[in-house]
Every structure is written in structure tokens, then in C-alpha cells.
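Notes for the structure review
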Amino acid sequence: MLAFILRRLGQSAFLLIAMAVLVFVSIFAIGDPIEVLLPADADQNEREAAIRHLGLDQPLWMQFAHFVWNLLHGDLGKSFVFGSDSLSLILGRLPATLELALVALILAALIGIPLGLIAGLKSQTWIGRLIMTTSIVGFSLPNFWFGIVMILVFAVQLQWLPSGGRGPTDTLFGIEFSLLNPQGWVNLIMPAATLAIYKVSLVIRLAYAGTREALLQDYVRFARAKGLSSSRIIGVHILKNILIPIVTVLGLELGSMIAFAVVTESVFAWPGMGKLLIDSIARLDRPVIVAYLMLVVTLFALINLCVDILYSVLDPRVRLSEGQS
Amino acid sequence: MSVSAASSTTRSAIKIETPLHMFWADFCANRIALIALAVVSVLALISVLSPWIAPQNPYDLTQISIFDNMLKPLQRSQEGKLFVLGSDEQGRDMLSAMMYGLKMSLFVAITATTAALCVGVSLGIIAAYFGGRVDAVLMRLVDLQLSFPAILIALILLAVLGKGVDKVIFALMLVQWAYYARTVRGNAMVERRREYIEAAQCLALPRHRIIFRHLLPNCLGPLIVVATVQVAHAISLEATLSFLGVGVPITEPSLGLLISNGYKYILSGKYWVSIYPGLLLLLTIVSINLVGDHLRDLLNPRLKA
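What counts and how
- Residues numbered from 1 in each chain as written.
- Chains lettered and ligands numbered in written order.
- Predicted model: local features only at pLDDT ≥ 70, side-chain atom pairs only at ≥ 80, totals over all residues.
- Heavy atoms only, no water.
- Helix = DSSP H or I, 4+ residues; strand = E, 2+ residues; numbered from the N terminus.
- Buried < 20%, exposed > 50% of the residue type's maximum accessible area, 1.4 Å probe, protein only.
- Contact = heavy atoms within 4.5 Å.
- Areas by Shrake-Rupley, 256 points an atom, 1.4 Å probe, with all protein chains shown as cover.
- Salt bridge = Lys/Arg side-chain N within 4 Å of Asp/Glu carboxyl O.
- Core = buried A, V, L, I, M, F, W, Y, C linked by side-chain atoms within 4.5 Å.
- Domains from an automatic or database assignment.

Below, the discussion takes up the overall build of chain A. In terms of regular secondary structure, chain A is built from 13 helices and two strands. A burial count over chain A gives 42% of its 325 residues as buried. Here the analysis covers contacts within chain A between residues at least 6 apart in sequence; of these, 72% occur between residues at least 24 apart. For chain A, the computed accessible surface area is about 16,500 Å², with 67% contributed by carbon and sulfur atoms.

Taken as a whole and assessed by the stated rule, the structure comprises seven salt bridges over all chains. Residues Asp293 of chain B and Arg205 of chain A are paired through a salt bridge, measuring 3.2 Å at the closest nitrogen-oxygen approach. Taken together, the residues Asp293 of chain B in helix α12 (residues 272-299) and Arg205 of chain A in helix α8 (residues 182-215) connect one chain to another. For Glu191 of chain B, the salt bridge is made with Arg194 of chain B, and the minimal N-O distance between the two is 3.6 Å. Accessibility expressed as a relative area gives 10% for Glu191 of chain B, which makes it buried. Beyond isolated ion pairs, a larger network of salt bridges with shared partners links Arg205 of chain A together with Asp293 and Arg296 of chain B.

In this section: helix α11 (residues 273-283) of chain A. In an α-helix there are 3.6 residues to a turn, and that puts residues three or four apart on one side. Residues of α11 of chain A that are buried: Met273, Gly274, Leu276, Leu277, Ile278, Ser280 and Ile281 of chain A. Directly after α11 of chain A, the chain includes Leu284 of chain A, whose backbone phi takes a positive value near 55°.

A word on the nonpolar core. One finds Phe144 of chain A together with Leu155 of chain B to be the most contacted residues of the largest nonpolar core, which totals 140 residues. Here this core spans two domains, and each of domain 1 (2-72) and domain 2 (90-324) of chain A adds at least three residues to it. Counting 26 residues, the second largest nonpolar core, distinct from the first, contains Ala116, Ala128, Cys219 and Leu223 of chain B.

This part takes up unusual backbone geometry. Even without glycine at this site, Ala269 of chain A takes up a positive phi of about 50°. By the secondary structure assignment, Ala269 of chain A is in the loop between α10 (230-268) and α11. Positive phi values are uncommon outside glycine, yet Ala204 of chain B reaches one of about 60°. Among the secondary structure elements, Ala204 of chain B is positioned in the loop between α8 (195-202) and α9 (207-215). Take Ala204 of chain B: its relative accessible area is 61%, and that puts it in the exposed class.

Written out as C-alpha cells, the structure reads:
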């Protein structure tokens, strides 16, 4: 067990180092940030001062050595645009993104599980077919376009909801939360629904497949034979069993929610790290892009590590086959 | 194809038909999928014929007039020209722009999927046939790539490479190949142990012949499903990347870029510049997914009674 965890840890560390090199080298192909940052009428002296100030006059390997040294101290460089530490810039935006992703995840479960259950129980009726066909539409909806349609309907035509931004927030433990403020809810609902729509379809399909399989199992037949009410069979026996894969998949999907938040945040001008990334790409703000990438790769490596360890605890075959190969 | 033959032996025992006929009959049994297939065909036809059937060439500056800008749907210009779906800020006819955009979207997605299919299938089948270290290295690479969301990989790649149709195709190929590699490997691992492969090996057939003429055709079923779904996915991904400003260049817009362009005018209530391209995008993706979904049911032996 210990050997397995150590080997996985080593792999994660290797992945992070490889990503650091890759990210650093590739980021230098993006373009010249000096062109973007300086006003068009800047003279030669101002240019050179700016280049020196940002450390862009040193050879590439020196810049990389500098980068690694600072990385080990948790310093990912100063943003070219904001002038502040890029890692704390990203971390400052992290709560907004996490809040959005978590609310979307909960929405997906709350809407998806009942619909999938109904579709599975009534798979041969029109309602079952309707739910499953709708779920294909949900799968196919381009996320950003759905967001635009929502803005058009609820913000422009009906004027019920604000078209974007985070709105007022309340502070808890020094972190701002929209959920604590009633007005924050109003701002959160459209972005969260947009981010959730794809996962709703995913949950519907998982719940549908799970229910159809569970209906054929012996334990359901036995529960029926025992004379249990159908609401108890569905609510306790079937629901509990289909929840296992759904919870696993939703946990894994948290990472992809954070990635997809890039799109949603751009549409709704939500001040999360995805919006920051897109803005930074447009402004060639290298340190922020690097900091975002390193943070996300670390996050994914952590999620994958946890899942692997969890699986190996639950299912010993995973680590045994690993040891043999 | 052995997969389709197995799937319909029970149903058409009376008539003697080729496997392809039986497969087609099974496919037609689902009306929704049949309609979806028709829609996909019509859309493909429209996109190919767009230079000839579009009311105007929206990228020929001599054909557009700035005075026609932001016309509402069904409004006529001063010269009496009808704009069925309205026009954008440069006076381009939206219907024509959408036809050209559809062509771009389909071209990028299909090219990228085909390229990814070739790379993924080759690597996957090689991994399955040779096994051992080759297999371990390739599959670890696949695992690694699939643990990151496609949109993130493509976004960063394009941020580094810059805009361009060829770059978008390359990025889409790079995020897709792993799906095919995994699918084909899973199948080939099973097929590899079958007697006909052993027989081919006993005949001392050359290795490439065994792999590509014997092993590969028997792994095609699931690949068709994955490829269909992936084309839809690629269209959606390209549109998203173009919306975020890292996709196709402004001179060769796809549907995603048209939507992105219309996004600026949403708050002033000029809905048609982004809603109509989006509807066309949605129709395309839904139709392809419906076809793929039905194909999956048909080719899945577990759902056969």
C-alpha cells in the first residue's frame, strides 16, 4: 500500500516538473508582451527600461532558473499588467470560480437525478423518451451560446436578472461569498445554470442507465416479492445503488467544471480565474497564465492522486495489477 | 461487417440480405435518428454548395454595403434586397454568413476528427497488438491526457500557437486522438486472442497485414460511434474556442465566431446576429449526436435481447 502511494506521488511530482518546463518554454512563444504594455509613442529608452524591469533582457535559461527558484518559494512572478504577485492574484479569484462550480454541481445533481430516475422507470413511455431526447439536446448545447440566450431572455427581454458580474458579496473568514447575500444569489443563478446544463444531461444519463440496470437486479425483485411499496423500493433500494456511480463521476467532474468555468465566466463577466486567464491571454500577461496553469495542473494532479488512492483502498486488484506490470 | 451481422440475425431470418442492408433496416426503425440523419445530410450539402446557393458572398467587399448594416430579419435594404435573417454591423447578410460559417465549422471538425482517428487508431492498435512496454507507455500517455479537460488543453495550446485554421485543426486533433486510441485498444485486446488472428499468424502473413486487414476491421463498430460523437464534440469545441478569441481568424469565420461577433450586440436587443448562428450550430450538433446515440444502441451487443 505504502509503495503504491509513494509511486503515485512520484508520478504526480514528475508530472508537475514536466508541466513546469513545458509551460515555461511554450509561454515564450506567445508573443512580445512589451508591444502590448507600452504606449505606442514610447521611445527606445522607455522600452529598454521596461524590458529590464520585467527581467526579459536575461537569457532564457537564466529566466528559467529564476522561475524555478521563485516557484520553490511559492512566487510565480509579478503580473505584467497588474504589477502584483500573480499567484495571489489567481488565488484571489479562486473563491468566485469554486463557488460557481460547486453551485452548478449541486444544481446538476438536484435536477438530473430525479429526471434520470423517472426516465429509467418509465423508459418505454413518452415521458421517458422526452427526457432522454432532451438530455441529448442538453449535451449538444454549446455552453457559451446557451449563456447568451439566457442573457437575452432574462436580462434583456424580461429584465429579471442582471446580465453579468458578481454583484454584492458578504465576507466570511475573509473570503467573499455570493451565497451569503440575497442579491448575490440573483447574480449567481444564470452563470451557475449555464455551467450546470451539460452536467445535468450527464447525470440524467447516468441515473437512467443505473435505474434500468437496477430494475433487473435480484434485490429489486426480492423487495417486490416482499411486498414493499414501490415508493420505498425506488426511494431506498434503487436510489441508493444508482447514487454510487453518480457521486463518483460528479466528484471527478469538479475539475472539468473549473475548466469549463472559463467559458461561462467570459460570457457573464464573472470575476473568477477563468475570466482572468482569458484576459491574460489577450494581454499576453505571461506570469498570470503560468500561475493559472501551475495551479490547475496541481489541482488535477491532486484530484487524480486522491481518486487513485481511494480506488486502491476500495479495490485491491488495482494496486496488485499495478505491481505486476 | 461482423458486428452488424450479429446484431440483426434474429430479426431478418426470413429474407436473405447483406449485413449492410440489415443494418440499414435496423437504423430506419428509429424515426428520430432517421430524421436526424436527413438533417445532417442536408446541412452538409448546404455547406458544400454555399458558394453557389448563398444570396451573397459575405466576404466579397464588392457585394456588401455598409448602408445595409444591422437590418432586422425580413427587412429590405434601400435597393430592395431582402435580408431573410437580417444583417450584421458590416451589412453582411446573416443567412449567407451562416452558410459560409457552417462550411468552416464542418471542415475544421471533420478534418480534425479524421486526422485524430488515423493517429489514435494506429497507436491504439499497435499498443494492443504488441502489448508489454509499448502498451504501457502509450496507455499511460492516454490516461494522462484524458485526465485533463479537452477545452483546457486546446485553449492553452492555441494561446501558445496563435490563431489560424490549421492550428485549430491541430489542437482539436491533439485533444481527440486519445479517445480513439483507448477505444480501439480495448477492442483489439479482445479480438487479438480470437482464432482468426491465430490462423493468420499460422499462415505467416506479414504483421501489417494482420493488423490492418484482419484486426482493424473487426474493431470498427465502437469506433464509428466514438467518431460520430467526436465530430459533434469537435464542432462544439471549435465554436467555443473561436468564441473565446483563440480559434479561427476573423477573415474565415466559423459559426462560433459569428456568435461571438453577435454577443456584442445582445444587450442592445439585436438578437439575430448571435441567435441564428447559434440555432444552426445547435441543430448541427444535436442531429449528429442523435445519429451517434442510435448507432451506439445498434452496435452495442449488451442491449440485444
